[in-house]
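As a plain string of letters, each chain reads:
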Amino acid sequence: MQNANCKFYKAIPVVQRKINMNISFNHTKLKANKNKKEILKAIGHVIEKGVFLNGQYVKETVRLLKNYFKTKYFLTCGSGHDSLLLALQSLGLEKDDEVIFPVNAYPTAFPIFINGSKGVPSDVNDNGQLDPDSVSKLITPKTKAIIMVHLYGLVGDLKKIVDICKKNNIFFIEYCAQAFGSRYNGKLVGTFGDIGCFSFYPTKNLGALGDGGGIITKNKKHFDFFKKAVQYGEKNRYQSEFISGHSRLPEIQAAVLNIYLKKINSELTKRKYLVNYYKKQISKYGLDKYVTVLNSDENSDPINHLFVIRTKLRDKLKAFLEKEKIETLIHYPYTVNRVTAFDFLSKNSYPKAEGLSKQIISLPFHPYLSKKQINYVIKTMAEFYRSI
C-alpha cells in the first residue's frame, strides 16, 4: 500500500482493548436459555395434550399474528422457503411466466425455480435492496410477478416497486424473512404486496427453535388455496382438490413462537437501539471513513436482522476479527447467477450486487449483544485499520 494510504488509516486514534472476548454471531442459544423455563413448560403442555400438529398453539400463533399485522388472512406453514413456494404456486404461473427477483438474495431463488417459473434476476441499489430502475428494464409481457426481498431487515424504495406492479398489472410478493417488524411509511412490511412471506427460522427477528413460516394475503382466493395447499390440497380430510405436498408449523414450534411473540416489542426496540449504538461508535472511532453501513430507505423504519457494512478490505478485516474471536458472516458472497446450481442463468453484469458481494460483511448483531461487546468489536476494527 502507498505511503499516503498508510497515513490515512493511521489517522484513527489509538485504542486499547483491555480484555479479550469471544463474541458469537447468533443469539439463539442465549435467547432459548433465557426463556428456558417457559419453553419447557409449554413443551410439556404440548406433550400432555398429545396434539403435535394443527392444535391450539398454532391457532394461538395465528391469532397473535393476525392481531399484530391487523390482517384478516394469515396462515402458518413449515418454513420461510415454503411460504414463498406456496405464494408462487397460488399465482398459477406457467412455464414461461417470468418472476423478477433480486440477484443478491440467494435463498429466494430456490422456490422460484422449484415452482417451474422463469426467474429473472435484477440488480439492487447501494444498500442491497431491489432497484426499481433495474426492474423496469426487465419487464416484458411475460412478467407475472415481482418479489421484493427486504434483505437484512432493511427496506428499499417500496413505493416505486408497488407502482411498477400496479402499472403493469403484475403480482407483488414481499419476502420478509429477515424483516419482521420493519415498516414503510408507518405500515408493516408484508402488508403492501398481494402476498407477504415470513420465516421463523431460529435466527430471525421472530424465530422458533426450528423451521417455521407464515403467509399474509389480502385475497381470499389466495388464502383458500393456502389452506388447502399446506395439507395435500385437501378441502376436507381425504378430499384433495389438487396435488400438493404439506407444510405445517409444529405445535412445539408454535408454543415457542407464542412465548417470543409476547415479548417481541422489547426485542425489536433493542435491535433499533443497538443499530444506532453501532453507528455512533463507528463514527466516534472514525471508522466511517473506511466502512459504509448499509441503510434503509428514508421513508422506512427498519428493524435490522443483520448489521451489514461494506469495506474494500472485507476479507482482511474478516480474518482479523475472527483471529480476535469475533464471529462474522457474509450475506451473501455470490450473486445467484454465479452459484453452480443456477449456472443456466445468463452471466449478465449486475454491478451493484456484484460490488456488494465482494465488500459486505455482517458484524455480530442481536438483542442480547451488550454495549461492551459492541465497543470491543469497534475497537478491534479500529486496531485493524491502524495496522494497515
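Keep in mind the model is a prediction, meaning the values are calculated, not measured. (Residues numbered from 1 in each chain as written. Predicted model: local features only at pLDDT ≥ 70, side-chain atom pairs only at ≥ 80, totals over all residues. Heavy atoms only, no water.)

**A short note on the overall build of the protein**
Counting its regular elements, the protein contains 14 helices and 15 strands. Relative to its length of 388 residues, the protein is compact, with a C-alpha radius of gyration of 22 Å against a globular reference of 21 Å. Dimensions of the protein, computed from C-alpha atoms along their principal axes, come out at roughly 75 × 55 × 40 Å. Expressed as a percentage of the 388 residues in the protein, the buried residues total 57%. Taking contacts inside the protein between residues at least 6 apart in sequence as the whole, the part at least 24 apart equals 71%. When the accessible surface of the protein is summed, it comes to about 18100 Å², and 51% of that surface belongs to carbon and sulfur atoms. Of the side-chain charges in the protein, 60 are positive and 33 negative, and the distance between the mean point of each set is 7 Å. (Helix = DSSP H or I, 4+ residues; strand = E, 2+ residues; numbered from the N terminus. Rg over C-alpha atoms; globule rule 2.2 N^0.38 Å. Buried < 20%, exposed > 50% of the residue type's maximum accessible area, 1.4 Å probe, protein only. Contact = heavy atoms within 4.5 Å. Areas by Shrake-Rupley, 256 points an atom, 1.4 Å probe, with all protein chains shown as cover. Lys, Arg positive; Asp, Glu negative; His and termini not counted. Charge placed at Lys NZ, Arg CZ, Asp CG, Glu CD.)

**Some thoughts on the nonpolar core**
The nonpolar side chains of a soluble globular protein tend to be buried, and buried together. In this structure, Phe69, Ile146, Ile161, Phe180 and Leu206 are the most contacted members of the largest nonpolar core, which totals 50 residues. Breaking this core down by element, the ones donating at least two residues are α3 (36-49), α4 (56-69), β4 (143-149), α8 (158-168), α10 (251-261) and α11 (264-284). Those residues in contact with Phe180, other than ones at most four positions away along the chain, are Leu65, Tyr68, Phe69, Phe198, Asn205, Leu206, Leu261, Ile264, Leu268 and Ile303. Listed in part, the 46 residues of the second largest apolar core include Phe25, Leu154, Tyr332 and Leu356. (Core = buried A, V, L, I, M, F, W, Y, C linked by side-chain atoms within 4.5 Å.)

**Let's talk about unusual backbone geometry**
A cis amide bond links His331 to the next residue, Tyr332, at an omega of 10°. Not every positive phi belongs to a glycine, and Asn54 is a case in point at roughly 55°. Along the chain, Asn54 turns up in the loop between α3 and α4. Residue Tyr238 is not a glycine yet carries a positive backbone phi of 70°.

**Some points on the pairing of β4**
The buried fraction of β4 is high, at 6 of 7 residues. As paired elements, strand β2 (residues 98-102) and β4 share 3 bridges and run parallel to each other. Residue pairing in the sheet places Glu98 in a bridge with Thr143 of β4. As for the winding sense of the linkage, the β-α-β connection from β4 through α8 to strand β5 (residues 171-175) is right-handed. (Pairing = 2+ DSSP bridges. Right-handed = clockwise from strand over helix to strand, strands pointing away.)

**Digging into the confidence of the model for the protein**
Here the protein averages 95 in pLDDT, while 95% of its residues score no lower than 70. Long-range and interchain partners of residues 1-8, a stretch whose pLDDT sits below 50, account for 6 contacts in this model, where long-range means more than four residues apart. (pLDDT = per-residue confidence, 0-100.)

**Describing the pairing of strand β15 (residues 360-363)**
Neither face of β15 is exposed, since Ile360 and Ser362 on one face and Ile361 and Leu363 on the opposite face are all buried. Direction of pairing for strand β14 (residues 307-310) relative to β15: antiparallel, over a ladder of 4 bridges. Within the sheet, the bridge partner assigned to Val308 lies in β15 and is Ser362.

**A few points about a nonpolar patch on the surface**
On the surface, Ile47, Phe52 and Leu53 cluster together into a nonpolar patch covering about 290 Å² of accessible area. Using a relative accessible area of 54% as the deciding quantity, one classes Ile47 as exposed. (Patch = residues over 30% accessible without salt bridge, like charges linked within 9 Å, V, L, I, M, F, W, Y side chains within 5 Å. Salt bridge = Lys/Arg side-chain N within 4 Å of Asp/Glu carboxyl O.)

**Things to note about the sheet that holds strand β6 (residues 183-184)**
An order of β7-β6-β13 is seen for the 3 strands of this open sheet, with the pairing classed as antiparallel. Two strands lie at the open edges of the sheet, namely β7 (187-188) and β13 (300-301), each paired on one side alone. Taken together, the 2 bridges between β6 and β7 define a ladder with antiparallel strand orientation. Following the sheet pairing, Arg183 is matched in β7 by Leu188.

**Quick word on helix α9 (residues 220-229)**
Residues lying three or four places apart along an α-helix face the same way, a consequence of the helix completing one turn every 3.6 residues. Within α9, burial applies to His222, Phe223, Phe225, Phe226 and Ala229. Taken down its axis, α9 places every buried residue within 160° of arc, on the same side. Of the surrounding secondary structure, the elements contacted by the buried residues of α9 are β1 (74-77), α5 (80-90), β5, β8 (195-199) and β9 (213-217). (Arc of directions from axis to C-beta.)

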